[in-house]
Amino acid sequence: MPLERYRGVFEPDDLDLLQRVLDKLSGERAIARDDREQREALAWGVILLFQNGITDEAELLQACRLR
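Residues numbered from 1 in each chain as written. Predicted model: local features only at pLDDT ≥ 70, side-chain atom pairs only at ≥ 80, totals over all residues. Heavy atoms only, no water.

Student: Which residues make up the packing of aromatic side chains, and what values do they have?
Tutor: Throughout the structure, instances matching the rule amount to one aromatic pair. Centre to centre, the rings of Phe10 and Phe50 are 5.9 Å apart; their planes meet at 50°, and the pair counts as tilted. A residue pair is termed long-range when its members are at least 10 positions apart, and Phe10 in the segment before helix H1 (12-28) and Phe50 in helix H2 (residues 36-51) qualify at 40 residues. (Phe/Tyr/Trp six-rings, centres within 6.5 Å; stacked < 30°, edge-to-face > 60°. Helix = DSSP H or I, 4+ residues; strand = E, 2+ residues; numbered from the N terminus.)

Student: Any chance you could break down the packing of H2 against helix H3 (residues 57-66) for me, citing the residues and the numbers?
Tutor: At a minimum axis separation of 10 Å, H2 and H3 run at an interaxial angle of 125°. What the angle tells us is that H2 and H3 run oblique. As for the relative orientation of H2 and H3, their crossing is right-handed in sense. Here Val46, Leu49 and Phe50 of H2 come into contact with H3, specifically with Leu60, Ala63 and Cys64. (Axes fitted to C-alpha atoms, helices over the stretch in contact; angles between N-to-C directions. Parallel < 35°, antiparallel > 145°, perpendicular 65-115°, else oblique. Left-handed = near helix turned anticlockwise from the far one by under 90°. Contact = heavy atoms within 4.5 Å.)

Note that every value here comes from positions in space, so none of it alone points to a role or purpose.
In structure tokens, the structure reads:
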């Protein structure tokens, strides 16, 4: 997928994928749903990797786990 697609605009399916990845990683790292600071930091990392072309859910999870 071309990088231009992700310059600030995400499709609903993209947002669903990003939310699933964030929720999975938060659970693995025992980050509480109401811990806004830690979830936001994690979300930025997920979004950055997604914007840089890792758009497959399994690959995105793996890349995030290695960070």
